[in-house]
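# Per-entry structural report
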Amino acid sequence: MSAEEQMDLPFPALTPAQRLHLDVFGYVVIEDTLTTQECGVLIEALQRLKHDLIEAGRPSSRTDEEETKVRGAGLADSRPAHHDFMRDIEQADPAITAYITHPRMVGMAAEIIGGEVRMVESNAHINSRAPDWEALDADAHRFPFHRGTDVPFGSHSRHGLYHCNFVKTLTNLTDLGPDDGGTVVIAGSHKMDLPPEQLIECAYQDRSLIHQVVAPAGSTLLFVEPLIHATGRLICERERVIIITGYGPAQFPYWGDGELTEEFKAQIPPNQHLLFHGRQNWNRRTLERQDLMTPADSRRFELGEWNKRD
Ligand SMILES: O=C(O)CCC(=O)C(=O)O
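Report follows, based on the coordinates.

Rules used throughout
Residues numbered from 1 in each chain as written. Predicted model: local features only at pLDDT ≥ 70, side-chain atom pairs only at ≥ 80, totals over all residues. Heavy atoms only, no water. Helix = DSSP H or I, 4+ residues; strand = E, 2+ residues; numbered from the N terminus. Expected span 1.5 Å × (residues − 1). Buried < 20%, exposed > 50% of the residue type's maximum accessible area, 1.4 Å probe, protein only. Arc of directions from axis to C-beta. Contact = heavy atoms within 4.5 Å. Pairing = 2+ DSSP bridges. Axes fitted to C-alpha atoms, helices over the stretch in contact; angles between N-to-C directions. Polar contact = N/O pair within 3.5 Å; in protein donor to acceptor, adjacent residues only side chain to side chain.

Compared with the 28 Å implied by 1.5 Å per residue over 20 residues, the 28 Å span of helix α2 (residues 36-55) between its first and last C-alpha is a close match. Taken residue by residue, α2 has Glu38, Cys39, Leu42, Ala45, Leu46, Leu49, Lys50 and Leu53 as its buried positions. All buried residues of α2 lie within an arc of 135° about the axis, which places them on one face of the element. Opposite its buried face, α2 presents the exposed residues Thr36, Gln37, Glu44 and Glu55, each directed more than 90 degrees away. Of the surrounding secondary structure, the elements contacted by the buried residues of α2 are β2 (74-75), β3 (83-87), α3 (94-100), β4 (117-127) and β12 (240-249). Of the residues one or two after α2, Gly57 is the one with positive phi, at around 85°.

Read from one edge to the other, the open sheet built from seven strands follows the order β1-β10-β7-β12-β4-β3-β2, with strand pairing classed as antiparallel. Among the strands making up the open sheet, the edge pair consists of β1 (27-30) and β2. As defined by bridge partners, strand β7 (residues 167-172) adjoins β12 across six bridges and the pair is classed as antiparallel. Its bridge partner lying in β12, Leu170 is registered against Ile244. Its contacts with the sheet place α2 against β2, β3, β4 and β12, and it is angled at close to 95° to β12.

Here we take up the sheet that holds strand β8 (residues 184-186). Read across the sheet, three strands follow the order β9-β8-β11 without closing on themselves; strand pairing throughout is antiparallel. Looking at the sheet topology across the chains shown, the edges are occupied by β9 (210-212) and β11 (229-230). Relative to β11, β8 is paired through two bridges, and the arrangement is antiparallel. Residue pairing for β11: Val184 is matched across the bridge by Ala230.

Right, let's get into the side chain of Asn271. Positionally, Asn271 belongs in the loop between α7 (262-267) and α8 (273-277). Taking the relative accessible area as the measure of exposure, Asn271 reaches 9% and is therefore buried. A distance of 3.2 Å separates a polar side-chain atom of Asn271 from the backbone oxygen of Asp310.

Written out as structure tokens, the structure reads:
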């Protein structure tokens with residue numbers, strides 16, 4: 001690949017302490033990846049998309065009738081609910097595409113994957129508390145815990161550091177206090193090659209194993225998908241808005257249900273070709289951190305215009 005086809009990405013993208021946190025717990029929360037103004041732009045885009053999906057009759061993201069979707073996006077659940085999970089949002093709004101292509105997000109994912117990356121899925125959630133939340137016992141609450149890949153397949157170690165082939169950047173666009181339903185994770189479960197049911201049962205017995213994201217708007221939860229995780233319990237009056245990109249090695253497929261339009265494809269600059277199309281090749285072209293203590297490339301990157309990036 002020639003130099004002009006590569007995105008300008010920070011490397012390493014994480015500070016040594018952030019890298020260690022991710023290794024130990026399977027996740028790290030990075031504050032201030034987006035400014036308040038950038039969060040506002042993304043909230044507006046996602047609320048507009050949600051509105052348009054409702055107007056369009058709540059199309060499923062999995063429908064074969066592509067024309068019923070809204071700018072390529074659909075909903076995970078077509079039934080009206082207090083939790084809207086929007087899928088395949090990559091071409092639904094330029095601001096959303098700017099999030100997916102944000103050099104800090106791509107760089108953080110690339111560092112954990114250990115080489116060239118592509119986008120494998122893109123999602124957003126807008127949720128509010130359940131209508132019957134008051135009647136439900138907090139201690140009896142069961143989170144919808146899951147993991148996106150298993151430990152031995154998803155993980156490798158190099159230079160003493162943990163790497164994973166399925167990584168997400170999940171950014172909260174609204175503030176998350178303890179009652180705002182921030183993502184919950186079973187800390188350290190990314191290294192436990194045991195049946196998830198057992199890990200989940202143990203976490204309910206010792207709740208200190210369940211960590212919840214509490215962070216100001218514009219913070220990114222960077223996590224690896226062998227980590228068991230779930231939507232948290234939202235019990236306040238505020239709405240939660242989050243945006244997520246899933247990244248994998250460049251030779252993985254895209255596994256959403258979206259189909260890029262010719263118009264969108266024509267706008268993808270050469271240095272983002274890999275991010276959207278991947279590369280069918282055996283060589284994953286590694287770029288792995290050699291030393292935990294290497295300082296981060298701390299340049300600030302803007303949400304900016306997605307197809308005008310260096
Ligand atoms: O809603 C959340 O906070 C969790 C999202 C999630 O489970 C996922 O992206 O796999």
